[in-house]
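Structural description and commentary
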Amino acid sequence: MPVLPGAEPYRHDGGEVGVLLCHGFTGSPQSLRPWGEHLAERGLTVSLPLLPGHGTRWEDMQLTGWPDWYAEVDRALRLLRERCAHVFVAGLSMGGALALRLAARHGDAVAGVVVVNPAIKIHGLSAHVLPVARHLVRTRKGIASDIAKEGAAELGYDRVPLHAAHSLRAFFRLLDGELPQVTQPLLLLRSPQDHVVPPADSARILSRVSSTDVTEVLLEHSYHVATLDHDADRIFEESYAFIGRLAPSVGKEGTAAGG
């Protein structure tokens, strides 16, 4: 299936500091593209891959699971490491969970982590019925485009494939056990008004990671897809400042790039 217009992966070859951006469940690179372009304009090398099964139609996602999604971001991280001296990982929602696992697994190869409204658990009754329901019902209503800003929209599926959701649940349970292995500096940005991921997920992450350099930022004017919402510029600026603090060469590259 052809990739939906706007859902294409994005890459920019910049300086020696690289950032891997991971999009969310049923979403696409479109939700993080402005963030990636903001960092690229400031001289950073940026990789924003399209996860398998995403960006086409939900039927394609039904055939994929968390090992496929994680393998894609793991591959992208290794490619960044080949050309960059310092690499940061970042993500939205499930993409935040993928970024955290990369940090847990790759250790010192990851210089820092930025997560926006990260997800770590499927909540409520749906989590308990998923193992059986996925064999009876193929999909449920989609979760895309939870945005406060009028006129803004996320390019994502309008249905959630339940086989994929079941795999996501297994991934979250695995990651929860690995969170103590996350030791890198962590910037967590979350929206108090999030209709997809509850604040308990961020609280769980903050209580489980071993990072000592932790910053939490509240995005008061945005819903779940904050990267396309009223607080988008704040996310871009806070993440760039975070990266610059940990990799001082960033400022010099930004000046050279005219940003």
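Residues numbered from 1 in each chain as written. Predicted model: local features only at pLDDT ≥ 70, side-chain atom pairs only at ≥ 80, totals over all residues. Heavy atoms only, no water.

What about the packing of aromatic side chains?
The cut-off we apply is this: Pairing of aromatic rings covers Phe, Tyr and Trp, the last counted by its six-membered ring, and requires centre-to-centre distances within 6.5 Å; plane angles under 30 degrees mean stacked, over 60 mean edge-to-face, and any other angle means tilted. Starting at the N terminus, helices and strands are each numbered in turn, a helix being any DSSP run of H or I of at least four residues and a strand any DSSP run of E of at least two. Each residue gets one of three labels from its accessible area relative to the maximum for its type: buried under 20%, exposed over 50%, partly exposed in between, using a 1.4 Å probe on protein chains only.
Counted by the stated rule, this structure contains four aromatic pairs. The interplanar angle of 70 degrees and the centroid separation of 5.7 Å between the aromatic rings of Phe25 and Trp69 together place this pair among those described as edge-to-face. In this pair, Phe25 sits in the loop between strand S2 (17-22) and helix H1 (33-41) while Trp69 sits in helix H3 (residues 66-83), placing the two residues 44 residues apart along the sequence. Of the residues examined, Trp69 reaches a relative accessible area of 0% and is grouped as buried.

Structural notes on the environment of Gly36
As a reminder of what qualifies: Every residue pair with non-hydrogen atoms within 4.5 Å of one another is taken to be in contact.
Along the chain, Gly36 falls in helix H1. On a C-alpha basis, the gap between Gly36 and Ile147 in space is 19 Å, while along the polypeptide they are 111 residues apart. With residues near it in sequence (within four places) discarded, Gly36 still touches Tyr10, Leu21 and Val46.

A word on unusual backbone geometry
Notably, Thr26 is not glycine yet its phi reads approximately 70 degrees, a positive angle. Secondary-structure assignment places Thr26 in the loop between S2 and H1. Under the relative-accessibility criterion, Thr26 is labelled buried at 1%. Positioned with a positive phi, Asn117 is a non-glycine residue whose angle comes to about 45 degrees. Here Asn117 lies in the loop between strand S5 (112-116) and helix H5 (125-136). We classify Asn117 as buried; its relative accessible area is 2%.

Structural notes on the side chain of Asp146
The condition that has to hold: For the charge count, each Lys or Arg is scored as positive and each Asp or Glu as negative, with His and the chain ends excluded. Whenever a carboxyl oxygen of Asp or Glu lies within 4 Å of a side-chain nitrogen of Lys or Arg, that contact is scored as a salt bridge.
By the secondary structure assignment, Asp146 is in the loop between strand S6 (139-141) and strand S7 (159-161). For the buried Asp146, which has no salt bridge, the nearest side chain bearing the opposite charge is Lys141, at an N-O separation of 10 Å. Excluding its chain neighbours within four sequence positions, the residues that come into contact with Asp146 are Asp194, His195, Val196, Tyr223, His224 and Val225.

Focus: the pattern of salt bridges
One pass over the full model with this rule turns up 14 salt bridges. Between Arg11 and Asp13 there is a salt bridge; the shortest N-O distance is 3.2 Å. Since its relative accessible area comes to 40%, Arg11 is described here as partly exposed. The shortest N-O distance in the salt bridge between Asp13 and Arg83 comes to 3.9 Å.

Everything listed is a geometric property; what it means functionally is a separate question.
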